[in-house]
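# Commentary on secondary and tertiary structure
Listed here are the chains, written in short residue letters.
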Amino acid sequence: MDDNARYEAVRSRDQRFDGVFFTCVLSTGIYCRPSCPARTPRRENVRFRPSAAAAQAAGFRACRRCRPDAVPGSAEWNVRADAVGRAMRMIADGVVDREGVAGLARRLGYSTRQVQRQLTAELGASAVALARAQRAHTARVLLQTTGLPVTEIAFASGFSSVRQFNDTIREIYARTPRELRREPAARTTPAGAGAPAAARAVSPAAGAPGRVGLRLAYRGPCAVREIFGFLARRAVAGIEEITGEPGSRTYRRTLRLPHGWGVTEVDERTSPGGGWLDCRLALSDLRDLTTAVQRTRRLFDLDADPWAVTERLAADPVLGPLAAARPGLRSPGAADPEELAVRAVLGQQVTVSAARTLAGILVTAHGTPLPRPDGGLTHLFPEPGALAGASLGGLPVPASRRAALRGLCAALADGSVVLEPGACRDEAERALLALRGIGPWTAGYIRMRALGDPDVFLPGDAGVRHALPAVGAGPAADAAWRPWRSYAVHHLWNAAAGPAGPPPAAAPAGTVTTVPVTAAAVTAGPPAPKEPRP
């Protein structure tokens, strides 16, 4: 895409390119998202930058109307498996804030100089500048949604000093922190301005210390009902719950975070104009805000590019009708990759309901209790180190399954298997397959959800095997669906479940339905051994 094509996207206010590039206006000194509702600047006054951090580094301030610093993350970083893509996922998770550039380079396996050179070449900004832009956005959220003192916000946002915090806010927003706090929340994105901020105050009432109200932006259509249905069927008592009726449900879960713990809750209801999901976070330490937001976004796959996915899948004669029936179908990720891996092994050869119940038993026996229950949420999921040496005798599963769980948890605890954001997906899959009791389906499912890979196909999956002939696809049809095969899998799963229609009746508010686990339910399973069902 050249600059002339980018300018045409700006002229048409094309939301598809929000987050893909940023428009810098020389005559005003501000930068915008392509869909900014302001008058289109003259072509000679426009320059383009690949990231908000690059625009800020070039001396441009964020537009007050379209909030370009808060667009959904580029879907490119979910697709790419190279060093830059991995680095961007790690920076989004707060690695630079916690460990510095040296820690980022160590996790990537490169020198600091190599990492800085590659990021600057592709994004026009260093790792420090990219993290700085993210800290500034976090600071704005805290200023406008909490009553915390400005000095506390400075350190909670990741800044090392109040002076650095003040200078950064003035440079990026052209206002002091106190002026930014006084700005009405309604001005952050006016009606009709396109996709709203990625994290924004829902109301001033959300501002109790430790509690932050947000709006999580997404681009394009979003099949929210299907996301909530997928998560509801897998909700584990104690760490997750779904309340409300279909169409107005709320998903809640606990989070284990670098500096403490948290609870995230996301509403199914979408705004009349669409474009975001309301979210509320309760954090034991506000320094975890950025990480908690990113993990919630990954769980709901909110940085996906549904236009790119649909363009590819809709052109296929097999998946075209499925993509048209469910526009914006997402591929949910994981709030905790290690938890997802444990749950995938628990789900081998049992139904989804039985796997959920097994996970609930594990949470009750080995999870970390919250300081106080929060509704139906009582625990954090057990850490791998705690499970690696446990007998797991309370789990009604075969001894071989318990051994596989302990082996996986030992590998996660000692670093033999790395599932963190930005981990090398190929290396992680190879390490998983080397473990006893983990086969191609389990490794692929973990890669798809825990590592957020958009291009995973599961040919051994029972639902996929049944759906392929039903929709008229052959066993090699997935080659035409690259690089979005994970989304194709979800379309096939939905096709196997039945045509799109009204959602099923929900469980009573505040409850999570569980299915009793019997010996027969645990030992009986699909023909392919060792492989969990979707």
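Bear in mind that the values here come from a model prediction, so they are computed numbers and not experimental data.

As for its position among the elements, Leu108 is in helix H5 (residues 95–108). For Leu108 and Asp82, which are 26 residues apart along the polypeptide, the C-alpha to C-alpha distance reads 9.8 Å. Once you skip the residues sitting within four places of it in the chain, Leu108 turns out to touch Ala83, Arg86, Ala87, Met90 and Val115.

Another aspect to go through is the sheet that holds strand E4 (residues 61–62). Reading across the sheet, the four strands line up as E3-E1-E2-E4 and stay open at both edges, with mixed pairing between neighbours. The open sheet terminates on both sides in strands that have one partner only, identified here as strand E3 (46–49) and E4. Two elements, strand E2 (residues 30–32) and E4, share two bridges in a ladder whose sense is parallel. Pairing of Ile30 across the sheet is with Arg61, part of E4.

Quick look at the pairing of strand E8 (residues 260–270) now. The pairing of strand E7 (residues 250–257) with E8 spans eight bridges and is classified as antiparallel. Bridging across to E8, Thr250 finds its partner in Asp267. Hairpin connection from E7 to E8: two residues lie between these consecutive antiparallel strands. Bridge count for E8 against strand E9 (residues 276–283) is six bridges, and the pairing is antiparallel. Following the sheet pairing, Val266 is matched in E9 by Cys279.

A separate point is the confidence of the model for the chain. On average, the chain scores 85 in pLDDT, and the residues at 70 or more come to 87%. For the chain, helix H23 (residues 519–523) is the element with the lowest average pLDDT, namely 34, and strand E11 (residues 377–380) is the one with the highest, namely 98. In the predicted structure, residues 186–209 sits below a pLDDT of 50 and forms 68 contacts with residues beyond four places in sequence or in another chain.

Here we come to the nonpolar core. Formed by 115 residues in total, the largest nonpolar core has its most connected members in Phe300 and Trp481. Once you skip the residues sitting within four places of it in the chain, Phe300 turns out to touch Ile227, Phe228, Leu231, Tyr251, Val266, Leu277 and Arg330.

Turning our attention to the packing of aromatic side chains. In the structure shown here, the tally under the stated rule is nine aromatic pairs. On the basis of an interplanar angle of 75° and a centroid distance of 5.9 Å, the ring pair of Tyr251 and Phe300 is categorised as edge-to-face. Taken together, the residues Tyr251 in strand E7 and Phe300 in helix H12 (residues 289–300) connect sequence positions 49 residues apart. What makes Phe300 buried here is its relative accessible area of 0%. Centre to centre, the rings of Phe457 and Trp481 are 5.9 Å apart; their planes meet at 65°, and the pair counts as edge-to-face. One end of the pair, Phe457, is in the loop between helix H20 (440–449) and helix H21 (462–470); the other, Trp481, is in the loop between H21 and helix H22 (485–497), and 24 residues separate them in sequence. Note on Phe457: relative accessible area 11%, which makes it buried. In this structure Trp481 comes out as buried when scored by relative accessible area, which is 0%. By the ring-pair criterion, three or more aromatic residues cluster together here, those being Phe17, Phe21 and Phe48. When the ring centre of Phe21 is taken as reference, the NZ or CZ atom of Arg6 above it lies at 6.0 Å. Taking the ring centre of Phe159 as reference, the NZ or CZ of Arg135 above it sits at 5.5 Å.

Conventions used here
- Residues take numbers from 1 onward in each chain, read along the sequence in its written order.
- In keeping with the model being predicted, local features are shown solely for residues with a pLDDT of at least 70 and side-chain atom pairs are shown and tallied solely at 80 or more, while totals for entire chains, interfaces and linings include all residues.
- Working from all heavy atoms in the structure, the side-chain values ignore hydrogens and water.
- By definition, any uninterrupted DSSP run of H or I lasting at least four residues is a helix, any uninterrupted run of E lasting at least two residues is a strand, and each is numbered from the N terminus.
- What makes two residues a contact is simply this: any of their non-hydrogen atoms within 4.5 Å.
- Should DSSP find at least two bridges between two strands, the strands are regarded as paired.
- As a per-residue measure, pLDDT tells how confident the predictor is, with possible values from 0 to 100.
- To qualify as a nonpolar core, a set must consist of buried Ala, Val, Leu, Ile, Met, Phe, Trp, Tyr and Cys residues joined through side-chain atoms within 4.5 Å.
- Burial here depends on accessible area, computed with a 1.4 Å probe over protein chains only, as a share of the maximum for the residue type. Under 20% is buried, over 50% is exposed, and the range in between is partly exposed.
- Aromatic contacts are taken between Phe, Tyr and Trp rings whose centres are within 6.5 Å, Trp giving its six-membered ring; a plane angle under 30 degrees counts as stacked, one over 60 as edge-to-face, and the others as tilted.
- Only lysine NZ and arginine CZ atoms are considered, and such an atom sits over a ring when it is within 6 Å of the ring centre and within 35 degrees of the ring normal.

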